[in-house]
Amino acid sequence: MSATMRSAIVIGAGVIGSSVAYELARDGWSVTVVDKAGAPGQGSTSSSSSIVRFNYSTFAGVVLAWESFQIWLEWRTHLGAAQEEHIAEMMNLGVVMLDVPVMNTPATTELFQRVGIDYEIWDSKDLAARVPGIDVGKYWPPKSIGDAGFWEDASENIGALYTSDGGYISDPSLSAVNLADAAKRHGAHFRFKEEIVAILKSESRVLGVRLASGEELTADVVVNVAGPWSGALNKMAGVGSDFTVEIAPMRQEVHHVDAPPGMESGPIIGDLDVGVYMRSTPGGGFLVGGTEPECDAMQWIENPDQANMSRTQDLYDAQVTRAARRFPDLKVPPVAKGIAGV
Ligand SMILES: Cc1cc2nc3c(=O)[nH]c(=O)nc-3n(C[C@H](O)[C@H](O)[C@H](O)COP(=O)(O)OP(=O)(O)OC[C@H]3O[C@@H](n4cnc5c(N)ncnc54)[C@H](O)[C@@H]3O)c2cc1C
């Protein structure tokens, strides 16, 4: 390291930490990434549905998503990866957000116009014509499948906000591996299977980290990008109590069924009306995740390492039955398939 080179320790080699490492390394920093897992992208990143969409509630959020999308489209160029390198792919299939009261479509479309994102407003006839097999009933608000109201017929129909851009990343863990490889090409150093157990501090600043082995690493800057563990790392550093946004881990499940006919490579469906999102998979499957509807208890957890990482039959039944309400031809196999993540 030269006398003028700045140094950084990055805590976590998820998609965010690997990206931070890449940006710092190519900007001339000396970078060490520490992760307690055995490879990049093994935390939250590994269970991500990896949906790329633009409907966020702030200008900064929409711009960030749109700029990131441009990078996903040019992924190989962004990485500086050779043609033979296996890289993740942006599946640009479009995004259909069903129109529910909490969506605030006028505010969203105003942000889209400011950022320059093309969109279409669909009424229920457009929705039926553009999304094969969809039931266009409005069922708001989302209900538990044990609630008799869940099975009631819809009395009105729903429309949607559509962007032809957006979709999902074919393999989120691979995208973290790609970023880590790109960072390594610029000299970043990755240390896997090493857990950070303490943050070293002076009176006024963070100085470095202590590993479980007892080894201490120091740097000009320590970046906490430990995903769902980042709240615990903040506590280790004695910071966070005055943050306006608190970081807390939440357990979620995503279930896997066969895609209903016509939706094998259909757009992402954000369906806050019944409380699920849905996306196709490269092999003709269909992922069904939850949109945290008020009728379901949120699964906040203390320690991500102690979360139950197996899918549960109850949540599978709830989420996939909701998906089948929207796509009546979707088959609901009796045995749950899917993943849990934090
Ligand atoms: C089920 C599910 C579905 C999701 N779907 C989407 C989606 O469709 N679209 C979307 O944009 N986002 C989605 N997300 C969110 C997305 O996955 C995360 O925001 C993203 O992966 C976070 O990346 P990260 O690098 O910050 O964290 P992580 O991938 O969790 O990486 C953090 C790393 O820090 C390491 N670490 C933690 N503590 C320590 C320590 N003490 N010492 C050393 N290493 C440590 C961990 O081992 C881990 O590898 C989803 C999340 C879940 C759980």
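Computed from a predicted model, the values in this text were never measured in an experiment. (Residues numbered from 1 in each chain as written. Predicted model: local features only at pLDDT ≥ 70, side-chain atom pairs only at ≥ 80, totals over all residues. Heavy atoms only, no water.)

S.K.: Residue-level account of the site of the ligand, with values.
M.R.: Within the structure, the ligand sits among 31 residues, and Asp35, Ser44, Thr45, Ile51 and Ile196 are positioned closest to it. The separation between an oxygen atom of the ligand and a polar side-chain atom of aspartate 35 is 2.6 Å. Protein coverage of the free-state accessible area of the ligand, which is 1,000 Å², stands at 83%. For the shell around the ligand, the secondary structure elements donating two or more residues are α1 (15-26), β2 (30-35), α2 (44-47) and β14 (250-258). (Near = heavy atom within 4 Å. Polar contact = N/O pair within 3.5 Å; in protein donor to acceptor, adjacent residues only side chain to side chain. Areas by Shrake-Rupley, 256 points an atom, 1.4 Å probe, with all protein chains shown as cover. Helix = DSSP H or I, 4+ residues; strand = E, 2+ residues; numbered from the N terminus.)

S.K.: I'd like a description of the packing of α1 against helix α7 (residues 172-185), backed by residues and values.
M.R.: Contact geometry of α1 with α7 gives a least axis separation of 8 Å together with a crossing angle of 20°. Taken together, α1 and α7 sit at an angle that is classed as roughly parallel. Seen from above, α1 lies across α7 with left-handed handedness. Contacts from Val15, Ser18, Ser19, Ala21, Tyr22 and Ala25 of α1 reach α7 at Ser175, Ala176, Leu179, Ala180, Ala182 and Ala183. For the contact of α1 with α7, the per-class residue count stands at 9 nonpolar, 3 polar and no charged. (Axes fitted to C-alpha atoms, helices over the stretch in contact; angles between N-to-C directions. Parallel < 35°, antiparallel > 145°, perpendicular 65-115°, else oblique. Left-handed = near helix turned anticlockwise from the far one by under 90°. Contact = heavy atoms within 4.5 Å. Nonpolar A, V, L, I, M, F, W, Y, C, P; charged D, E, K, R; others polar.)

S.K.: For the domain arrangement of the chain, give the residues involved together with the corresponding values.
M.R.: When the parts come together, some accessible area is lost, and that loss is often what is quoted as the size of the interface. For the chain, the assigned domains read domain 1 (7-50 + 171-237) and domain 2 (92-170 + 248-341). Each of domain 1 and domain 2 has a C-alpha centre, and the two are 32 Å apart. On the side of domain 2, 13 residues touch domain 1, which itself brings 9 residues to the contact. Summed over both partners, the interface of domain 1 with domain 2 buries about 840 Å², with 50% contributed by carbon and sulfur atoms. Notably, a salt bridge pairs aspartate 305 with lysine 36, separated by 2.9 Å at the nearest N-O pair. Counting the contacts that link domain 1 with domain 2 gives 7 residue pairs in polar contact (both at pLDDT 80 or more). Looking at side-chain class alone, the side of domain 1 that touches domain 2 contains 3 nonpolar, 4 polar and 2 charged residues. (Domains from an automatic or database assignment. Buried area = accessible area lost by both parts, 1.4 Å probe. Salt bridge = Lys/Arg side-chain N within 4 Å of Asp/Glu carboxyl O.)

S.K.: Give a description of the pattern of salt bridges that names residues and reports values.
M.R.: Applying the stated rule across the entire model yields 12 salt bridges. A salt bridge links glutamate 85 to arginine 185, with the shortest nitrogen-to-oxygen separation between them at 3.0 Å. One end of the pair, glutamate 85, is in the loop between α4 (75-79) and β4 (90-91); the other, arginine 185, is in helix α7, with 100 residues separating them in the sequence. With relative accessibility at 43%, the residue arginine 185 sits in the partly exposed group. The salt bridge partner of aspartate 271 is arginine 326, with a shortest N-O separation of 2.6 Å. Placement of aspartate 271 in strand β15 (residues 268-271) and of arginine 326 in helix α9 (residues 313-326) is noted, with a sequence separation of 55 residues between them. (Buried < 20%, exposed > 50% of the residue type's maximum accessible area, 1.4 Å probe, protein only.)

S.K.: I'd like a description of helix α3 (residues 59-73), backed by residues and values.
M.R.: The end-to-end C-alpha distance of α3, which contains 15 residues, comes to 21 Å, matching closely the 21 Å that a straight helix rising 1.5 Å per residue would cover. All of the buried residues along α3 are Gly61, Val62, Ala65, Trp66, Phe69 and Trp72. Down the axis of α3, the smallest arc covering the buried residues is 125°, so these residues share one side. For α3, the exposed residues set more than 90 degrees away from the buried face come down to Ala60 and Leu64. Tucked inside the fold, the buried residues of α3 contact β3 (51-52), α4, β4, α5 (105-115), β8 (167-169) and α7. (Expected span 1.5 Å × (residues − 1). Arc of directions from axis to C-beta.)

S.K.: Quick rundown of unusual backbone geometry? Include the residues and the values.
M.R.: Between tryptophan 140 and proline 141 the backbone carries a cis peptide bond, its omega angle lying at -5°. Note on placement: proline 141 falls in the loop between α6 (124-130) and β7 (160-163). A positive phi angle, close to 55°, is found at glutamate 292, a residue other than glycine.

S.K.: Account for the pairing of β15, with residues named and values stated.
M.R.: Because side chains alternate across β15, one face comprises the buried residues Ile268 and Gly270, and the other comprises Ile269 and Asp271, equally buried. Looking at chain direction, strand β5 (residues 95-98) and β15 are connected through 3 bridges and run parallel. When the bridges of β15 are listed, methionine 97 appears paired with glycine 270. Examined bridge by bridge, β15 and strand β16 (residues 276-280) share 3 bridges and lie antiparallel to one another. (Pairing = 2+ DSSP bridges.)

S.K.: If you had to explain the nonpolar core to someone new, which residues and values would you point to?
M.R.: Val31, Val96, Leu127, Val131, Phe286 and Phe327 are the most contacted members of the largest nonpolar core, which totals 71 residues. Residue-level mapping places this core at the junction of two domains, with at least three residues from each of domain 1 (7-50 + 171-237) and domain 2 (92-170 + 248-341). Formed by 12 residues, the second largest nonpolar core is a distinct cluster that contains Ile9, Val34, Ile196 and Ala219. (Core = buried A, V, L, I, M, F, W, Y, C linked by side-chain atoms within 4.5 Å.)

S.K.: Which residues make up the side chain of aspartate 135, and what are the values?
M.R.: With respect to the helices, strands and loops of the structure, aspartate 135 is situated in the loop between α6 and β7. For the buried residue aspartate 135, which engages in no salt bridge, the nearest side chain bearing the opposite charge is arginine 326, 4.5 Å off. A distance of 2.7 Å separates the side chain of aspartate 135 from the backbone nitrogen of glycine 137, its partner in a polar contact. Separated by 2.7 Å, the side chains of aspartate 135 and tyrosine 139 make a polar contact. (Lys, Arg positive; Asp, Glu negative; His and termini not counted.)

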